Amino acid sequence: MKETGRVLAVSGNAVTVLQDASDACFGCMNLECRRKQGIVIAENKTGLPLPAGCLVETEFSVKTALAQGLFLLLPPFLAFAAAYLLSGLLSPVPKDSLRAAAGVAAFFATGFALYVYRRGHPFKTGPVITRVRGVTGDLPEGA
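What counts and what doesn't
- Residues numbered from 1 in each chain as written.
- Predicted model: local features only at pLDDT ≥ 70, side-chain atom pairs only at ≥ 80, totals over all residues.
- Heavy atoms only, no water.
- Axes fitted to C-alpha atoms, helices over the stretch in contact; angles between N-to-C directions.
- Helix = DSSP H or I, 4+ residues; strand = E, 2+ residues; numbered from the N terminus.
- Parallel < 35°, antiparallel > 145°, perpendicular 65-115°, else oblique.
- Left-handed = near helix turned anticlockwise from the far one by under 90°.
- Contact = heavy atoms within 4.5 Å.
- Nonpolar A, V, L, I, M, F, W, Y, C, P; charged D, E, K, R; others polar.
- Patch = residues over 30% accessible without salt bridge, like charges linked within 9 Å, V, L, I, M, F, W, Y side chains within 5 Å.
- Areas by Shrake-Rupley, 256 points an atom, 1.4 Å probe, with all protein chains shown as cover.
- Salt bridge = Lys/Arg side-chain N within 4 Å of Asp/Glu carboxyl O.
- Buried < 20%, exposed > 50% of the residue type's maximum accessible area, 1.4 Å probe, protein only.
- Expected span 1.5 Å × (residues − 1).
- Bend = angle between axes of the 7 residues up to and from the residue.

Visitor: Explanation requested: the packing of helix α3 (residues 62-90) against helix α4 (residues 96-120) in the structure shown.
Guide: Pairs of packed helices are described in terms of their axes, by the angle between the two and the distance that separates them. The interhelical angle for the contact between α3 and α4, taken along N-to-C directions, is 150°, at an axis separation of 7 Å. By the criterion of interaxial angle, the relationship of α3 to α4 is roughly antiparallel. Read as a crossing pair, α3 and α4 show a hand that is right-handed. Across the interface between the two elements, Phe71, Leu72, Pro75, Pro76, Phe77, Ala79, Phe80, Ala83, Tyr84, Leu85, Ser87 and Gly88 from α3 touch Asp96, Arg99, Ala100, Ala102, Gly103, Val104, Ala106, Phe107, Thr110, Gly111, Leu114 and Arg118 from α4. Of the residues belonging to the contact of α3 with α4, the class tally is 16 nonpolar, five polar and three charged.

Below, the structure written as structure tokens:
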């Protein structure tokens, strides 16, 4: 997802960006972003000239988004399959409803465990600046 924001500061390849509030931000559950009030550290891999106040576009790379998605979505499904299969091996006459319940419990337990883990250990990769949309010297109020 592409987001726009204003450059607050530049330090080497690290750029502090104040992201614009958008419809996507309204429904977002990212509490870390809310605490920082839309301030993110983006990477300027292309070496674009970025004076303070310019409007930039940021996004996560496809590779990063896929890696994060697979890490968070694949384990709960694998846990469901493992619990479903193992519950059939442990009980001589397993009922499908009990096996399914064990799988669903493992699915939600794994999902919750990953949620708790990621809250304490967020991904290290951040957004990348992909384009400069405008250059002005005016910083937003309160910045």
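Visitor: How should I be thinking about a nonpolar patch on the surface in this particular structure?
Guide: Residues Phe71, Leu72, Leu73, Phe77 and Tyr117 make up a contiguous nonpolar surface patch of roughly 490 Å² in combined accessible area. Along the chain, the position of Phe77 falls in helix α3. Phe77 gets classed as exposed once you look at its relative accessible area, which sits at 52%.

Visitor: Help me understand α3, please; the structure alone is not making it clear to me.
Guide: Since the α-helix packs 3.6 residues into each turn, any two residues three or four apart lie on the same face. With 29 residues, α3 should cover 42 Å at 1.5 Å per step; its first-to-last C-alpha distance of 41 Å lies within 8% of that length. At Leu70, α3 shows its maximal bend, which comes to roughly 25°. All buried positions along α3 are accounted for by Thr64, Gln68, Pro76, Ala79, Ala83 and Ser87. For α3, the elements touching its buried residues are α4.

Visitor: Could you clarify how one ought to interpret α4 in this entry?
Guide: Its 25 residues place the ends of α4 36 Å apart at the C-alpha level, agreeing with the 36 Å of an ideal helix rising 1.5 Å per residue. Taken together, the buried positions of α4 are Arg99, Gly103, Ala106, Leu114 and Arg118.

None of the figures reported here should be taken as evidence of function without further support.
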